[in-house]
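Tertiary structure, described
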Amino acid sequence: ELPENWTDTRETLLEGMLFTLKYMGMTLVEQPKGEELSAAAVKRIVATAKASGKKLQKVTLKVSPRGIVLNDSGTNELIENVSIYRISYCTADKIHDKVFAYIAQNQLNENLECHAFLCTKRKM
């Protein structure tokens, strides 16, 4: 939802917004979009992340009209640069209210991947 004075924030919209999140993981999906499909994918990712017992990787996620750029928070190393044209779906999970996920097509093998992230707050 854009605020009334959104023209003041236009630069931010074009340049992109940064979010500091924890990367939970990725799973392959059959379809490019769908609420039930993404919910099932997030459920698998959350279960796998919990079962591994490892600490989640801290990342910065930059969202802009060009797409999503993912960097490691500690090293600032580029993890992934996803073109807006490869992203088919984004969602805030209903059950896991601090989880954000997106579905994108892998550039190399064209697989559909659902990537999930843990936010510090539900509002984020």
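Residues numbered from 1 in each chain as written. Predicted model: local features only at pLDDT ≥ 70, side-chain atom pairs only at ≥ 80, totals over all residues. Heavy atoms only, no water.

1. A look at the pattern of salt bridges
- Taken as a whole, this structure holds 2 salt bridges when the rule is applied.
- For the salt bridge of arginine 86 with glutamate 80, the shortest nitrogen-to-oxygen distance reads 3.8 Å.
- Judged by relative accessible area, arginine 86 falls into the buried class, the value being 15%. (Salt bridge = Lys/Arg side-chain N within 4 Å of Asp/Glu carboxyl O. Buried < 20%, exposed > 50% of the residue type's maximum accessible area, 1.4 Å probe, protein only.)

2. Considerations on the packing of aromatic side chains
- Evaluation of the coordinates by the stated rule reveals 4 aromatic pairs.
- A centroid spacing of 5.9 Å and a plane angle of 20° characterise the contact between tyrosine 102 and phenylalanine 117, whose relative ring orientation is stacked. Remark: phenylalanine 117 occurs in strand 7 (residues 112–118) and tyrosine 102 occurs in strand 6 (residues 99–105); sequence separation between them is 15 residues.
- Judged by relative accessible area, which is 0%, phenylalanine 117 ranks as buried. (Phe/Tyr/Trp six-rings, centres within 6.5 Å; stacked < 30°, edge-to-face > 60°. Helix = DSSP H or I, 4+ residues; strand = E, 2+ residues; numbered from the N terminus.)

3. A few points about the confidence of the model for the chain
- Averaged over every residue, the pLDDT of the chain is 89; the share at 70 or more is 90%.
- Taken element by element, the predicted model of the chain shows its lowest mean pLDDT in helix 1 (residues 10–15) (68) and its highest in strand 7 (96). (pLDDT = per-residue confidence, 0-100.)

4. Section: the nonpolar core
- Judged by nonpolar contacts, the single largest core of 13 residues is most densely connected at Met24, Val29, Ile103, Cys114 and Ala116.
- Within the residue set of this core, elements represented by two or more residues are strand 1 (17–29), helix 2 (35–52), strand 6 and strand 7.
- Here cysteine 114 is in contact with Gly25, Met26, Thr27, Val29, Ala41, Ile45, Ala101, Tyr102 and Ile103, once residues within four sequence places are set aside.
- In terms of nonpolar packing, the next biggest core, distinct from the first, is built from 12 residues, Leu21, Val59, Leu61 and Phe117 among them. (Core = buried A, V, L, I, M, F, W, Y, C linked by side-chain atoms within 4.5 Å. Contact = heavy atoms within 4.5 Å.)

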